[in-house]
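Notes for the structure review
Given next are the chains, with one letter for each unit.
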Amino acid sequence: MTAASVEKAVVDPDHLPVWDDPRETIFRRVTIELDKCDGCKLCTVVCPANLLELFGPKDNLKARLKADVTGCMSCNNCYAVCAGRGVYATEPYDFAGYYEQKRIGEFAFPRKF
Amino acid sequence: MSDALDLEDLENLEDLECELKVVETKADRTARRRMAIQEIAPGADWNDVEHAILTRRSIRKFKGRQPPAHMIRRILEMGRFAPSQGNCQPWSFIVIRDREMIAEMEQYCVAACQNMTANIDYTNYAPGSEQRAAIMQNTQQLNRESPNAFHPVPMTAVKSIANGRFAVFHKAPTVILILMDKRGVGIPEVDIGVVGTNMVLAAQSLGLGTCWVGFSKLLTSNTALMDKLGIAPPFELAEAISVGYPIGNPAQQTISRQTHQISWWEGGEQQILY
(Lines give C-alpha, C1' and ligand atoms only; values in the text may rest on other atoms or scores of the structure.)
Protein backbone atom coordinates (compact mmCIF):
# COMPACT_ATOMS: atom_id res chain seq x y z
CA MET A 1 0.00 0.00 0.00
CA THR A 2 1.65 3.21 -1.10
CA ALA A 3 0.94 6.58 0.43
CA ALA A 4 -0.95 7.67 -2.65
CA SER A 5 -3.23 4.63 -2.64
CA VAL A 6 -4.51 5.12 0.91
CA GLU A 7 -7.99 6.50 0.82
CA LYS A 8 -9.70 8.48 3.50
CA ALA A 9 -11.83 5.92 5.28
CA VAL A 10 -13.69 8.12 7.74
CA VAL A 11 -15.96 10.94 6.71
CA ASP A 12 -17.68 11.82 9.98
CA PRO A 13 -16.50 15.38 10.79
CA ASP A 14 -16.84 14.75 14.54
CA HIS A 15 -14.59 11.74 14.39
CA LEU A 16 -11.05 12.09 15.70
CA PRO A 17 -8.07 9.92 14.86
CA VAL A 18 -7.79 6.69 16.78
CA TRP A 19 -4.13 5.86 17.04
CA ASP A 20 -4.38 2.15 17.75
CA ASP A 21 -6.78 1.35 14.94
CA PRO A 22 -5.11 -0.15 11.86
CA ARG A 23 -7.92 1.16 9.67
CA GLU A 24 -6.88 4.69 10.50
CA THR A 25 -3.12 4.44 10.75
CA ILE A 26 -0.50 3.04 8.40
CA PHE A 27 1.36 0.42 10.42
CA ARG A 28 4.34 -1.76 9.72
CA ARG A 29 6.06 0.10 6.98
CA VAL A 30 9.55 -0.91 8.07
CA THR A 31 11.43 -3.24 5.74
CA ILE A 32 14.24 -5.39 7.13
CA GLU A 33 16.49 -7.25 4.71
CA LEU A 34 17.72 -10.09 6.86
CA ASP A 35 20.67 -11.01 4.62
CA LYS A 36 22.10 -7.53 5.21
CA CYS A 37 21.58 -7.63 8.99
CA ASP A 38 24.57 -8.62 11.09
CA GLY A 39 22.75 -8.33 14.42
CA CYS A 40 24.80 -5.34 15.62
CA LYS A 41 21.80 -4.06 17.63
CA LEU A 42 22.33 -0.38 16.74
CA CYS A 43 18.92 0.04 15.10
CA THR A 44 17.18 -1.29 18.19
CA VAL A 45 19.09 1.27 20.27
CA VAL A 46 18.43 4.35 18.15
CA CYS A 47 14.77 3.72 17.28
CA PRO A 48 12.93 6.57 19.03
CA ALA A 49 9.78 4.49 19.36
CA ASN A 50 11.67 1.42 20.55
CA LEU A 51 10.02 -0.75 17.90
CA LEU A 52 12.86 -3.07 16.93
CA GLU A 53 14.29 -6.10 18.69
CA LEU A 54 16.77 -8.87 17.99
CA PHE A 55 15.79 -12.50 17.56
CA GLY A 56 17.39 -15.80 16.66
CA PRO A 57 20.33 -17.83 17.97
CA LYS A 58 23.14 -15.92 19.68
CA ASP A 59 25.61 -16.44 16.85
CA ASN A 60 23.12 -15.29 14.20
CA LEU A 61 21.04 -12.47 15.67
CA LYS A 62 18.75 -10.53 13.36
CA ALA A 63 16.56 -7.46 13.82
CA ARG A 64 12.78 -7.56 13.58
CA LEU A 65 9.77 -5.44 14.43
CA LYS A 66 8.21 -6.08 17.80
CA ALA A 67 4.86 -7.78 17.65
CA ASP A 68 2.44 -5.15 18.92
CA VAL A 69 3.88 -1.85 17.82
CA THR A 70 2.28 1.18 16.25
CA GLY A 71 4.60 4.11 16.70
CA CYS A 72 7.00 4.19 13.70
CA MET A 73 7.25 7.76 12.43
CA SER A 74 9.46 6.81 9.46
CA CYS A 75 12.40 8.86 10.73
CA ASN A 76 14.81 6.32 9.18
CA ASN A 77 17.29 6.65 12.03
CA CYS A 78 17.56 2.86 11.79
CA TYR A 79 18.80 3.14 8.22
CA ALA A 80 21.21 5.95 9.11
CA VAL A 81 23.08 3.79 11.63
CA CYS A 82 22.87 0.51 9.67
CA ALA A 83 26.27 -0.31 8.14
CA GLY A 84 24.66 -2.94 5.88
CA ARG A 85 21.80 -0.63 4.85
CA GLY A 86 19.34 -3.40 5.62
CA VAL A 87 16.57 -1.66 7.57
CA TYR A 88 14.46 1.23 6.37
CA ALA A 89 11.05 2.85 6.34
CA THR A 90 9.54 3.57 2.95
CA GLU A 91 6.15 4.99 3.79
CA PRO A 92 5.10 8.03 5.74
CA TYR A 93 3.78 7.72 9.26
CA ASP A 94 0.30 9.02 8.87
CA PHE A 95 -3.20 8.75 10.14
CA ALA A 96 -4.16 7.97 6.61
CA GLY A 97 -7.60 6.66 7.45
CA TYR A 98 -8.45 9.92 9.14
CA TYR A 99 -6.45 12.69 7.54
CA GLU A 100 -6.63 12.87 3.80
CA GLN A 101 -3.11 12.60 2.47
CA LYS A 102 -2.36 15.66 0.45
CA ARG A 103 0.61 16.86 -1.56
CA ILE A 104 2.77 13.89 -0.53
CA GLY A 105 4.87 11.92 -3.00
CA GLU A 106 7.02 8.80 -2.89
CA PHE A 107 10.03 8.48 -0.63
CA ALA A 108 13.32 9.57 -2.18
CA PHE A 109 16.95 9.80 -1.17
CA PRO A 110 18.60 13.23 -1.49
CA ARG A 111 18.58 14.12 -5.17
CA LYS A 112 21.22 16.19 -6.90
CA PHE A 113 19.90 18.91 -9.19
CA MET B 1 38.88 60.88 20.05
CA SER B 2 37.10 63.53 18.03
CA ASP B 3 33.65 62.48 16.93
CA ALA B 4 33.83 64.40 13.64
CA LEU B 5 36.15 63.78 10.73
CA ASP B 6 38.52 66.65 10.13
CA LEU B 7 39.81 67.69 6.75
CA GLU B 8 43.02 65.73 7.16
CA ASP B 9 41.10 62.48 7.63
CA LEU B 10 39.14 63.11 4.47
CA GLU B 11 42.31 63.70 2.49
CA ASN B 12 43.81 60.50 3.84
CA LEU B 13 40.68 58.66 2.88
CA GLU B 14 40.88 59.93 -0.67
CA ASP B 15 44.54 58.95 -0.85
CA LEU B 16 43.64 55.48 0.25
CA GLU B 17 40.94 55.13 -2.41
CA CYS B 18 43.33 56.42 -5.08
CA GLU B 19 45.89 53.84 -4.04
CA LEU B 20 43.32 51.08 -4.28
CA LYS B 21 42.33 52.19 -7.75
CA VAL B 22 45.91 52.07 -8.90
CA VAL B 23 46.61 48.68 -7.36
CA GLU B 24 43.51 46.97 -8.77
CA THR B 25 43.70 46.59 -12.54
CA LYS B 26 40.61 46.30 -14.71
CA ALA B 27 41.19 42.57 -15.07
CA ASP B 28 41.40 42.20 -11.29
CA ARG B 29 38.17 44.06 -10.89
CA THR B 30 36.39 41.89 -13.43
CA ALA B 31 37.68 38.77 -11.71
CA ARG B 32 36.51 40.08 -8.34
CA ARG B 33 33.04 40.79 -9.69
CA ARG B 34 32.80 37.35 -11.28
CA MET B 35 33.65 35.74 -7.97
CA ALA B 36 30.55 37.31 -6.47
CA ILE B 37 28.41 34.90 -8.50
CA GLN B 38 29.45 31.38 -7.66
CA GLU B 39 28.72 28.98 -10.50
CA ILE B 40 27.30 25.63 -9.38
CA ALA B 41 27.22 23.00 -12.12
CA PRO B 42 24.07 20.82 -12.34
CA GLY B 43 24.45 17.67 -10.26
CA ALA B 44 27.42 19.06 -8.30
CA ASP B 45 28.38 17.39 -5.03
CA TRP B 46 26.94 18.57 -1.74
CA ASN B 47 28.86 21.37 -0.10
CA ASP B 48 29.59 21.34 3.64
CA VAL B 49 26.35 23.05 4.64
CA GLU B 50 24.22 20.76 2.48
CA HIS B 51 26.09 17.77 3.84
CA ALA B 52 25.35 18.82 7.42
CA ILE B 53 21.67 19.25 6.55
CA LEU B 54 21.43 15.85 4.86
CA THR B 55 23.21 13.89 7.57
CA ARG B 56 21.46 15.53 10.52
CA ARG B 57 19.25 13.12 12.39
CA SER B 58 17.31 13.72 15.58
CA ILE B 59 19.50 11.90 18.10
CA ARG B 60 17.72 10.33 21.04
CA LYS B 61 20.49 8.12 22.41
CA PHE B 62 23.65 9.80 23.62
CA LYS B 63 27.01 8.70 24.92
CA GLY B 64 27.69 9.62 28.55
CA ARG B 65 30.62 11.90 27.68
CA GLN B 66 29.98 15.60 28.21
CA PRO B 67 30.88 17.72 25.15
CA PRO B 68 33.45 20.40 26.04
CA ALA B 69 32.03 23.79 27.03
CA HIS B 70 33.71 25.59 24.15
CA MET B 71 31.78 23.48 21.64
CA ILE B 72 28.47 24.45 23.23
CA ARG B 73 29.59 28.09 23.09
CA ARG B 74 30.37 27.64 19.38
CA ILE B 75 26.87 26.29 18.81
CA LEU B 76 25.23 29.15 20.71
CA GLU B 77 27.31 31.60 18.71
CA MET B 78 25.82 30.24 15.47
CA GLY B 79 22.38 30.82 16.95
CA ARG B 80 23.26 34.43 17.67
CA PHE B 81 23.67 35.10 13.97
CA ALA B 82 20.33 33.60 12.92
CA PRO B 83 17.90 35.77 10.95
CA SER B 84 14.88 37.12 12.84
CA GLN B 85 11.91 39.33 12.05
CA GLY B 86 12.96 42.97 12.16
CA ASN B 87 16.29 41.64 13.50
CA CYS B 88 14.58 41.60 16.90
CA GLN B 89 16.46 38.47 18.09
CA PRO B 90 13.71 37.47 20.55
CA TRP B 91 15.72 34.75 22.30
CA SER B 92 17.79 33.95 25.34
CA PHE B 93 19.38 30.66 26.35
CA ILE B 94 19.76 28.55 29.45
CA VAL B 95 22.44 25.86 29.25
CA ILE B 96 22.07 23.00 31.71
CA ARG B 97 24.99 20.65 32.11
CA ASP B 98 24.31 19.33 35.62
CA ARG B 99 22.96 15.79 35.61
CA GLU B 100 20.93 16.35 38.79
CA MET B 101 19.15 19.32 37.29
CA ILE B 102 18.33 17.47 34.06
CA ALA B 103 17.10 14.55 36.15
CA GLU B 104 14.84 16.91 38.11
CA MET B 105 13.38 18.27 34.87
CA GLU B 106 12.95 14.74 33.55
CA GLN B 107 11.13 13.65 36.69
CA TYR B 108 8.64 16.48 36.47
CA CYS B 109 7.87 15.75 32.80
CA VAL B 110 7.41 12.03 33.46
CA ALA B 111 4.92 12.78 36.24
CA ALA B 112 3.06 15.17 33.92
CA CYS B 113 2.91 12.50 31.20
CA GLN B 114 1.68 9.87 33.65
CA ASN B 115 -1.06 12.24 34.70
CA MET B 116 -1.92 12.94 31.07
CA THR B 117 -1.97 9.32 29.96
CA ALA B 118 -4.23 8.33 32.85
CA ASN B 119 -6.76 10.97 31.85
CA ILE B 120 -6.70 10.82 28.07
CA ASP B 121 -5.05 7.64 26.79
CA TYR B 122 -7.98 5.48 25.78
CA THR B 123 -5.67 2.89 24.25
CA ASN B 124 -5.12 1.55 27.79
CA TYR B 125 -8.57 0.02 27.59
CA ALA B 126 -10.06 -2.54 25.23
CA PRO B 127 -12.16 -1.31 22.31
CA GLY B 128 -15.83 -1.29 23.26
CA SER B 129 -15.19 -0.97 27.00
CA GLU B 130 -16.91 1.72 29.09
CA GLN B 131 -13.64 3.20 30.35
CA ARG B 132 -12.37 3.58 26.83
CA ALA B 133 -15.50 5.42 25.75
CA ALA B 134 -15.34 7.73 28.78
CA ILE B 135 -11.67 8.59 28.33
CA MET B 136 -12.02 8.99 24.58
CA GLN B 137 -14.61 11.68 25.23
CA ASN B 138 -12.00 13.60 27.27
CA THR B 139 -9.41 13.16 24.57
CA GLN B 140 -11.69 14.26 21.79
CA GLN B 141 -12.60 17.40 23.70
CA LEU B 142 -8.93 18.29 24.18
CA ASN B 143 -8.18 17.40 20.59
CA ARG B 144 -10.86 19.81 19.38
CA GLU B 145 -9.51 22.58 21.58
CA SER B 146 -5.87 22.12 20.61
CA PRO B 147 -5.52 19.66 17.73
CA ASN B 148 -1.77 20.12 17.40
CA ALA B 149 -0.90 19.52 21.04
CA PHE B 150 -3.12 16.46 21.17
CA HIS B 151 -2.14 15.04 17.81
CA PRO B 152 -1.89 11.25 17.93
CA VAL B 153 1.88 11.27 17.31
CA PRO B 154 2.91 13.04 20.51
CA MET B 155 0.25 11.03 22.33
CA THR B 156 2.16 7.85 21.51
CA ALA B 157 5.28 9.48 22.95
CA VAL B 158 3.41 10.58 26.09
CA LYS B 159 2.52 6.95 26.69
CA SER B 160 6.14 5.82 26.23
CA ILE B 161 7.38 8.55 28.57
CA ALA B 162 4.81 7.59 31.22
CA ASN B 163 5.90 3.95 30.94
CA GLY B 164 9.55 4.92 31.30
CA ARG B 165 10.37 3.61 27.82
CA PHE B 166 11.40 6.97 26.49
CA ALA B 167 13.31 9.80 28.17
CA VAL B 168 12.04 13.33 27.56
CA PHE B 169 15.54 14.85 27.42
CA HIS B 170 17.01 11.62 26.04
CA LYS B 171 19.47 11.45 28.97
CA ALA B 172 21.60 13.99 27.15
CA PRO B 173 24.61 15.47 28.98
CA THR B 174 23.73 19.02 27.90
CA VAL B 175 20.31 20.62 27.46
CA ILE B 176 19.86 24.06 25.91
CA LEU B 177 16.60 25.78 26.83
CA ILE B 178 15.52 28.44 24.36
CA LEU B 179 13.55 31.28 25.89
CA MET B 180 11.36 33.47 23.73
CA ASP B 181 10.85 37.18 24.29
CA LYS B 182 7.10 37.52 23.79
CA ARG B 183 7.56 41.14 22.70
CA GLY B 184 9.34 40.04 19.52
CA VAL B 185 8.41 41.38 16.09
CA GLY B 186 5.79 39.52 14.05
CA ILE B 187 5.71 35.84 14.99
CA PRO B 188 8.59 35.29 17.46
CA GLU B 189 7.86 31.53 17.50
CA VAL B 190 9.20 31.40 13.97
CA ASP B 191 12.44 33.07 15.05
CA ILE B 192 12.84 30.47 17.79
CA GLY B 193 12.60 27.79 15.11
CA VAL B 194 15.22 29.55 13.03
CA VAL B 195 17.69 30.12 15.87
CA GLY B 196 17.35 26.49 16.91
CA THR B 197 17.89 25.26 13.37
CA ASN B 198 21.10 27.25 13.13
CA MET B 199 22.35 25.66 16.35
CA VAL B 200 21.25 22.16 15.42
CA LEU B 201 23.06 22.32 12.07
CA ALA B 202 26.17 23.83 13.67
CA ALA B 203 26.19 20.98 16.19
CA GLN B 204 25.82 18.44 13.38
CA SER B 205 28.80 19.93 11.55
CA LEU B 206 30.86 19.62 14.76
CA GLY B 207 30.02 15.94 15.17
CA LEU B 208 27.47 16.44 17.95
CA GLY B 209 23.96 15.06 17.95
CA THR B 210 20.88 17.06 18.88
CA CYS B 211 17.18 16.62 19.33
CA TRP B 212 14.45 19.20 19.69
CA VAL B 213 12.46 18.57 22.87
CA GLY B 214 8.98 20.03 22.51
CA PHE B 215 7.89 18.26 25.69
CA SER B 216 10.06 20.75 27.57
CA LYS B 217 6.93 22.95 27.45
CA LEU B 218 5.55 20.79 30.26
CA LEU B 219 8.10 22.45 32.56
CA THR B 220 6.34 25.80 32.28
CA SER B 221 3.73 24.60 34.79
CA ASN B 222 6.48 23.91 37.35
CA THR B 223 6.62 27.34 38.99
CA ALA B 224 9.37 26.38 41.45
CA LEU B 225 11.62 25.34 38.59
CA MET B 226 10.75 28.42 36.55
CA ASP B 227 11.73 30.56 39.55
CA LYS B 228 14.95 28.63 40.04
CA LEU B 229 15.88 29.06 36.36
CA GLY B 230 14.81 32.71 36.42
CA ILE B 231 12.28 32.32 33.62
CA ALA B 232 9.77 35.17 33.93
CA PRO B 233 7.79 37.42 31.58
CA PRO B 234 8.42 38.78 29.02
CA PHE B 235 10.40 35.57 28.50
CA GLU B 236 8.84 32.15 28.28
CA LEU B 237 10.29 28.71 27.78
CA ALA B 238 9.74 28.01 24.09
CA GLU B 239 11.80 24.94 23.22
CA ALA B 240 14.71 22.81 24.34
CA ILE B 241 17.48 21.07 22.47
CA SER B 242 19.34 18.05 23.82
CA VAL B 243 23.01 17.93 22.88
CA GLY B 244 25.62 15.19 23.15
CA TYR B 245 27.70 12.68 21.26
CA PRO B 246 25.47 10.29 19.30
CA ILE B 247 25.60 6.53 19.72
CA GLY B 248 26.56 4.71 16.52
CA ASN B 249 27.39 6.68 13.41
CA PRO B 250 24.11 8.15 12.20
CA ALA B 251 25.91 10.49 9.79
CA GLN B 252 27.46 7.66 7.77
CA GLN B 253 24.69 7.72 5.18
CA THR B 254 21.77 9.83 4.10
CA ILE B 255 18.24 8.52 4.36
CA SER B 256 15.16 8.58 2.17
CA ARG B 257 12.18 10.73 2.99
CA GLN B 258 8.85 11.46 1.43
CA THR B 259 8.68 14.11 -1.25
CA HIS B 260 6.26 17.02 -1.17
CA GLN B 261 4.40 18.73 -3.91
CA ILE B 262 6.05 21.75 -5.50
CA SER B 263 3.96 24.03 -7.63
CA TRP B 264 6.41 25.69 -10.02
CA TRP B 265 5.37 28.80 -11.91
CA GLU B 266 7.57 29.91 -14.75
CA GLY B 267 7.12 31.24 -18.27
CA GLY B 268 3.41 31.73 -17.70
CA GLU B 269 2.88 28.04 -16.94
CA GLN B 270 2.41 25.96 -13.84
CA GLN B 271 4.17 22.63 -13.36
CA ILE B 272 3.63 20.18 -10.55
CA LEU B 273 6.89 18.72 -9.33
CA TYR B 274 7.82 16.36 -6.50
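Quick caveat: nothing in here was measured; it's all calculated off a predicted structure.

1. A word on the packing of helix 3 (residues 48-55) of chain B against helix 8 (residues 188-205) of chain B
Residues and elements named next belong to chain B.
- Interaxial distance between helix 3 and helix 8 falls to 9 Å at its minimum, and their mutual angle equals 100°. By the angle between their axes, helix 3 is roughly perpendicular relative to helix 8. For the pair formed by helix 3 and helix 8, the contact residues are Asp 48, Ala 52, Ile 53 and Thr 55 on the first element and Leu 201, Gln 204 and Ser 205 on the second.
- Of the residues belonging to the contact of helix 3 with helix 8, the class tally is three nonpolar, three polar and one charged.

2. Brief notes about the nonpolar core
All names here are of chain B.
- Cys 109 and Ile 178 are the most contacted members of the largest nonpolar core, which has 41 residues in total.
- Elements supplying a minimum of two residues to this core: helix 4 (69-80), helix 5 (99-120), helix 7 (152-162), strand 2 (174-181), helix 8 and strand 4 (235-244).
- When sequence neighbours within four positions are dropped, the list of residues in contact with Cys 109 reads Ile 161, Val 168, Phe 215, Leu 218 and Leu 219.

3. Description of the sheet that holds strand 2 of chain B
Residues and elements named next belong to chain B.
- The four strands lie next to each other as 1-2-4-3, forming an open sheet whose pairing is antiparallel. Among the strands making up the open sheet, the edge pair consists of strand 1 (91-96) and strand 3 (209-212). On average, adjacent strands in this sheet sit at an angle of 25° to one another, irrespective of strand direction.
- The pairing of strand 3 with strand 4 spans four bridges and is antiparallel. Paired with Thr 210 across the bridge in strand 4 is Val 243.

4. Examining the packing of helix 5 of chain B against helix 7 of chain B
Residue and element names in this part refer to chain B.
- The N-to-C vectors of helix 5 and helix 7 enclose an angle of 115°; their axes lie 8 Å apart at closest approach. The two elements helix 5 and helix 7 cross, and the hand of that crossing is left-handed. Along the contact surface, helix 5 presents Cys 109, Val 110, Cys 113, Gln 114, Met 116 and Thr 117, while helix 7 presents Val 158, Lys 159, Ile 161 and Ala 162.

5. Looking at unusual backbone geometry
- The peptide bond linking Pro 233 of chain B to Pro 234 of chain B adopts the cis configuration, its omega dihedral lying at 10°.
- In this fold, Pro 234 of chain B is placed in the loop between helix 9 (223-229) and strand 4.
- Positioned with a positive phi, Asn 50 of chain A is a non-glycine residue whose angle comes to about 60°.
- Inspection of the secondary structure puts Asn 50 of chain A in the loop between helix 1 (42-46) and strand 2 (52-55).
- Overall, the presence of 17 C-beta atoms within 10 Å leaves Asn 50 of chain A in the partly exposed class.
- With a phi close to 50°, Lys 171 of chain B is a non-glycine residue in the positive phi region.
- Mapped onto the elements of the fold, Lys 171 of chain B is located in the loop between helix 7 and strand 2.

6. Comments concerning the confidence of the model for chain B
- The pLDDT averaged across chain B works out to 90; a share of 92% of its residues lies at or above 70.
- Interface predicted TM-score (ipTM) for the complex: 0.83; the corresponding pTM is 0.85.

7. Thoughts on the interface of chain A and chain B
- Counting residues at the interface gives 33 residues for chain A, matched by 31 residues for chain B.
- Counting residues per element, the ones that place at least two in the side of chain A that touches chain B are helix 1, helix 2 (77-81) and strand 5 (104-108) of chain A.
- Looking at the side of chain A that touches chain B residue by residue, the classes come out as 22 nonpolar, six polar and five charged.
- Of the pairings in the sheet, the one linking strand 5 of chain A to strand 5 (residues 257-260) of chain B comprises three bridges and is antiparallel in character. Directly across from Ala 108 of chain A, in strand 5 of chain B, lies its bridge partner Arg 257 of chain B.

8. Let's talk about helix 8 of chain B
Residue and element names in this part refer to chain B.
- Helix length check: helix 8 (18 residues) gives 26 Å between terminal C-alpha atoms against 26 Å at 1.5 Å per residue, within 8%.
- Among the residues making up helix 8, those that are buried are Pro 188, Asp 191, Ile 192, Val 195, Gly 196, Met 199, Val 200, Ala 202, Ala 203 and Gln 204.
- Where the residues of helix 8 are buried, they touch helix 3, helix 4, strand 1, strand 2, strand 3 and strand 4.
- In the segment just after helix 8, Gly 207 is the residue with positive phi, at about 85°.

The rules behind these values
- All residue numbers refer to position in the chain's written sequence, counted from 1.
- Just so you know, chain letters begin at A and ligand numbers begin at 1, following the order they were written in.
- Only residues with pLDDT of at least 70 are given local features in this predicted model, and only at 80 or more are side-chain atom pairs given and counted; all residues enter the totals for whole chains, interfaces and linings.
- Note on geometry: axes are lines fitted to C-alpha atoms, helical ones only across the stretch in contact, with angles between N-to-C directions running from 0 to 180 degrees.
- Secondary structure elements follow DSSP: runs of H or I of four or more residues count as helices, runs of E of two or more count as strands, with numbering from the N terminus.
- Note on terminology: angles under 35 degrees are roughly parallel, angles over 145 are roughly antiparallel, angles of 65 to 115 are roughly perpendicular, and the others are oblique.
- Contact between residues is assigned whenever the C-beta positions, reconstructed from backbone atoms, fall within 7 Å.
- Residue classes follow a fixed rule: Ala, Val, Leu, Ile, Met, Phe, Trp, Tyr, Cys and Pro count as nonpolar, while Asp, Glu, Lys and Arg count as charged, and any other residue, Gly among them, counts as polar.
- Definition of nonpolar core: a set of buried Ala, Val, Leu, Ile, Met, Phe, Trp, Tyr and Cys residues joined via C-beta atoms within 7 Å.
- Exposed residues have 12 or fewer other C-beta atoms within 10 Å of their own C-beta, buried residues have 20 or more, and residues in between are partly exposed; the C-beta atoms are placed from the backbone.
- Pairing between strands requires that DSSP locate at least two bridges from one strand to the other.
- Working rule for handedness: look at the near helix, and if it is turned counterclockwise from the far one by less than a right angle, call the crossing left-handed; if clockwise, right-handed.
- pLDDT is defined as a per-residue confidence score from the predictor, taking values between 0 and 100.
- To estimate how far a helix should reach, multiply one less than its number of residues by 1.5 Å.

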